[in-house]
2 protein chains.
Amino acid sequence: MRVGRLTIVGLGLLGGSVARAARARALAREIVAVGRSGPGLGQARAAGVIDAATQDLAAGVQQADLVVLCAPVGALPGLVRAAWPHLGPGAVLTDVGSVKTDVVAAADGCGAREGVAFVGGHPMAGSERSGFGASEADLFEGRLTLLTPSARSSDHAVERVSAFWEAAGSQVRLLSAEVHDRAVAVVSHLPHLAAYALCRAADGDALELAGRGFGDMTRIAASAEGLWTDIVRSNREPVLAAIAGYREVLARWEGLIRDGHWDRLEADLARARAVREKMP
Amino acid sequence: MRVGRLTIVGLGLLGGSVARAARARALAREIVAVGRSGPGLGQARAAGVIDAATQDLAAGVQQADLVVLCAPVGALPGLVRAAWPHLGPGAVLTDVGSVKTDVVAAADGCGAREGVAFVGGHPMAGSERSGFGASEADLFEGRLTLLTPSARSSDHAVERVSAFWEAAGSQVRLLSAEVHDRAVAVVSHLPHLAAYALCRAADGDALELAGRGFGDMTRIAASAEGLWTDIVRSNREPVLAAIAGYREVLARWEGLIRDGHWDRLEADLARARAVREKMP
């Protein structure tokens, strides 16, 4: 797996890690970054992680074989529409957003262009840290990367994006954007909100007594709130459904505790433990 | 810090770790275990962690200088009442339960005996594993141990129990049983229920997509449900208050998301992150 020019739009934690992974594993002959000038671009160039940088999206993407959009999810649909007319023949466009329905719809809404295709992507890797300074060449190693091809994504494009992520160390899985968004609402977006909510509920003196369990459960509540607000906004209906389901479980347990139904509570906790033990 | 005879009632994860810590750090001349005969007692004796074992509570505690009750929280008040008449002059009784009000009340309800005292204790250390096989000599190293002396606990007894835990590697803090129980409801009991509830909400295909964040947040949902039902039952009112507060935060965020109040959601998440960042 090796492309000619790889263009990465946005050089934060994920974009920086895509660039580092591509450089470390020689996945591209040339790596171009598109982004606002900032400390990240300078660091990336100094470290030899990118070959060139530009603030001009059109110029950055027009010679690229593979373009990876690494901007916050709310910006992705607009970036797809802005980049689309400037992609050259044979170019494949993908992204790393945590929510897929809107960005896939934006690509499907662009006029068909011979030899140009979009495939939605989501490497399930991240950190509560952000910015290029937190990027790592091995961020995707051993992680799942989800691709959400639509009817408009060519087989060739799906193969190229799959091969890229596999070469970066990921296991690739294909699913629809809608199934993806409902699943991540439950296993990622809800847990983030649940962690933030535990911190809100624990403010005050109690916090001084917090131990390792609380620390582990709320680590992700150190994540940048702007990014998470953006993700929740982009995945509103599935997130609302996930919160409602979670509150329902808690309400049921509150009732069992209030009424002293200990056997039923224990049976419910046992079922929850069984779910946890299914995890790899 | 060194006592003559240390008696440990219950040789599971915590009791086993108390025995191992005491042996490794020479905190007692002699270590006696009281418990039902089972594989744990045999292993402990074979490993040289205990010197003797008995199933007879009265016989096990009567020559002891320090008795540590390491049974499930629901059993502690009864064990305090059962052990009390058999303690010899100068004996100090303590426990490792995660809930303190009931066990302290049980001790306060025992007839005064010259030179015999109880001090409630709670080492904030544990594991989702249980049983003697999971015990470790360093389990308490660097952890907080909370003591909840009542008006009936003598200074001498508080000093002896404090010195024991400090010698086992803990930092000791004193607080009232009521303040303790409200605080742990929020930073320990609620997070356990929240983790179990995330697993319940995530059952199904979504679970296959769960990543590291979900794994960290739900690690404690692998804990034994019987122990946690017992803890919740023993700390019912503070746990109900903690769940209600948590559900209120989630309900508010559900409303902000439904109504598209993104700035207010982001401000709330920022406050939650600030709480998380106050943690050591």
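Here, every reference points to the structure presented above.
Residues numbered from 1 in each chain as written. Chains lettered and ligands numbered in written order. Predicted model: local features only at pLDDT ≥ 70, side-chain atom pairs only at ≥ 80, totals over all residues. Heavy atoms only, no water.

**Points about the nonpolar core**
Core analysis: the largest hydrophobic core is formed by 139 residues, its most contacted members being Tyr246(A), Trp253(A), Ile257(A), Tyr246(B), Trp253(B) and Ile257(B). If we ignore the near neighbours within four places in the chain, the residues touching Trp253(B) are Leu193(A), Tyr196(A), Ala197(A), Arg200(A), Leu265(B), Asp268(B) and Leu269(B). (Core = buried A, V, L, I, M, F, W, Y, C linked by side-chain atoms within 4.5 Å. Buried < 20%, exposed > 50% of the residue type's maximum accessible area, 1.4 Å probe, protein only. Contact = heavy atoms within 4.5 Å.)

**Digging into the packing of helix H7 (residues 177-201) of chain A against helix H9 (residues 225-234) of chain A**
All names here are of chain A. Relative orientation of the contacting elements H7 and H9 amounts to 135 degrees, with a least axis distance of 11 Å. Between H7 and H9, the interaxial angle falls into the category oblique. Crossing of H7 against H9: the hand is left-handed. For the pair formed by H7 and H9, the contact residues are Ser188, His189, His192, Leu193 and Tyr196 on the first element and Glu225, Trp228, Ile231 and Val232 on the second. Of the residues assigned to the contact of H7 with H9, the class counts are 5 nonpolar, 3 polar and 1 charged. (Axes fitted to C-alpha atoms, helices over the stretch in contact; angles between N-to-C directions. Helix = DSSP H or I, 4+ residues; strand = E, 2+ residues; numbered from the N terminus. Parallel < 35°, antiparallel > 145°, perpendicular 65-115°, else oblique. Left-handed = near helix turned anticlockwise from the far one by under 90°. Nonpolar A, V, L, I, M, F, W, Y, C, P; charged D, E, K, R; others polar.)

**With respect to the sheet that holds strand E4 (residues 66-69) of chain A**
All names here are of chain A. Pairing within the open sheet is mixed, and its 8 strands lie in the order E3-E2-E1-E4-E5-E6-E7-E8. Whereas interior strands pair on both sides, the edge strands pair on one side only; in this sheet they are strand E3 (52-54) and strand E8 (171-174). The sheet shows a mean angle of 25 degrees between the axes of neighbouring strands, taken without regard to direction. When strand E2 (residues 28-34) meets E3, the two strands line up parallel, connected through 3 bridges. Across the sheet, Ala33 pairs through a bridge with Ala53, a residue of E3. (Pairing = 2+ DSSP bridges.)

**Side note on the relation of the copies chain A and chain B**
Superposing chain A onto chain B requires a rotation of 180 degrees together with a translation of 0.0 Å along the rotation axis, leaving an RMSD of 0.0 Å. This pairing of chains is accounted for by a two-fold axis. For chain A, the residue whose C-alpha comes nearest the rotation axis is Met217(A), separated from it by 2.1 Å. Both copies present the same face, since 100% of the interface residues in chain A are matched by interface residues at the equivalent positions in chain B. (Least-squares fit on C-alpha atoms with pLDDT ≥ 70 in both.)

**Some details on the packing of H7(A) against helix H7 (residues 177-201) of chain B**
Where H7(A) meets H7(B), the closest approach of the two axes is 11 Å, and the angle between their N-to-C directions is 165 degrees. Classified by the angle between their axes, H7(A) and H7(B) sit roughly antiparallel to one another. Handedness of the crossing formed by H7(A) with H7(B): right-handed. Judged by residue contacts, Val186(A), Leu190(A), Pro191(A), Ala194(A), Leu198(A) and Ala201(A) of H7(A) engage Val186(B), Leu190(B), Pro191(B), Ala194(B), Leu198(B) and Ala201(B) from H7(B). Split into classes, the residues belonging to the contact of H7(A) with H7(B) amount to 12 nonpolar, no polar and no charged.

**As for the interface of chain A and chain B**
Contact with chain A, which involves 79 residues of that partner, is made by 79 residues of chain B. In total, about 7,700 Å² of surface goes out of reach between chain A and chain B, with carbon and sulfur atoms giving 69% of it. In terms of surface lost to chain B, no three residues of chain A exceed Arg200(A), Leu209(A) and Met217(A), which account for 10% of the buried area on that side. On the surface where chain A and chain B come into contact, there are 8 salt bridges. Here Glu254(B) ties to Arg247(A) by a salt bridge, and the two come within 2.6 Å at their closest N and O atoms. In this structure, the connection of chain A to chain B is made through 19 residue pairs in polar contact (both at pLDDT 80 or more). For the side of chain A that touches chain B, the secondary structure elements donating two or more residues are strand E7 (144-148), H7, helix H8 (212-218), H9, helix H10 (236-258) and helix H11 (262-278) of chain A. (Buried area = accessible area lost by both parts, 1.4 Å probe. Salt bridge = Lys/Arg side-chain N within 4 Å of Asp/Glu carboxyl O. Polar contact = N/O pair within 3.5 Å; in protein donor to acceptor, adjacent residues only side chain to side chain.)

**A word on the side chain of Ser234(A)**
All names here are of chain A. Structurally, Ser234 is set in helix H9. Here Asp230 takes part through its backbone oxygen, which lies 2.9 Å from a polar atom of the side chain of Ser234. Filtering out sequence-adjacent residues up to four positions away, Ser234 remains in contact with Val73, Gly74, Val99 and Asp102.

**A look at unusual backbone geometry**
Peptide bonds are trans in most cases, and residues, glycine excluded, mostly fall at negative phi. In this structure, Ala26(A) takes a positive phi of about 55 degrees despite not being glycine. Residue position: Ala26(A) is located in the loop between helix H1 (13-24) and E2.

**Thoughts on the packing of aromatic side chains**
Per the counting criterion, the structure on display carries 5 aromatic pairs over all chains. Seen from their ring centres, Tyr246(A) and Tyr246(B) are 6.2 Å apart, and the 80 degrees between their planes marks the pair as edge-to-face. Residue Tyr246(A) is found in helix H10, and its partner Tyr246(B) is found in helix H10 (residues 236-258); the two belong to separate chains. Of the two residues, Tyr246(A) and Tyr246(B), neither departs from the other in class, the shared state being buried. Aromatic side chains Phe164(B) and Trp165(B) sit 5.6 Å apart centroid to centroid with 85 degrees between the ring planes, which places their arrangement in the edge-to-face category. Note on accessibility: Phe164(B) and Trp165(B) belong to one class, buried. Aromatic rings pair up to connect Phe140(A), Phe164(A) and Trp165(A) into one cluster. (Phe/Tyr/Trp six-rings, centres within 6.5 Å; stacked < 30°, edge-to-face > 60°.)

**With respect to the pattern of salt bridges**
With the rule as written, the count across this model stands at 28 salt bridges over all chains. In this structure, Arg252(A) and Asp268(A) form a salt bridge, with 2.4 Å as the shortest nitrogen-oxygen distance. Here Asp268(A) lies in helix H11 and Arg252(A) lies in helix H10, a separation of 16 residues in the sequence. Classification of Asp268(A) as buried rests on a relative accessible area of 2%. The partner of Asp95(B) in a salt bridge is Lys100(B), with the nearest N and O atoms 2.7 Å apart. The class for Asp95(B) is buried, based on a relative accessible area of 0%. Through salt bridges with shared partners, a single network forms among Arg25(A), Asp138(A) and Glu141(A).

**Things to note about the sheet that holds strand E4 (residues 66-69) of chain B**
Hydrogen bonding along the main chain pairs the strands of a sheet, whether they run parallel or antiparallel. Residue and element names in this part refer to chain B. Spatial ordering of the open sheet is given by E3-E2-E1-E4-E5-E6-E7-E8, a layout of 8 strands whose pairing is mixed. Only two strands of the sheet have a single neighbouring strand rather than two, namely strand E3 (52-54) and strand E8 (171-174). On average, each strand axis in the sheet is inclined to that of its neighbour by 25 degrees, with strand direction left out of account.

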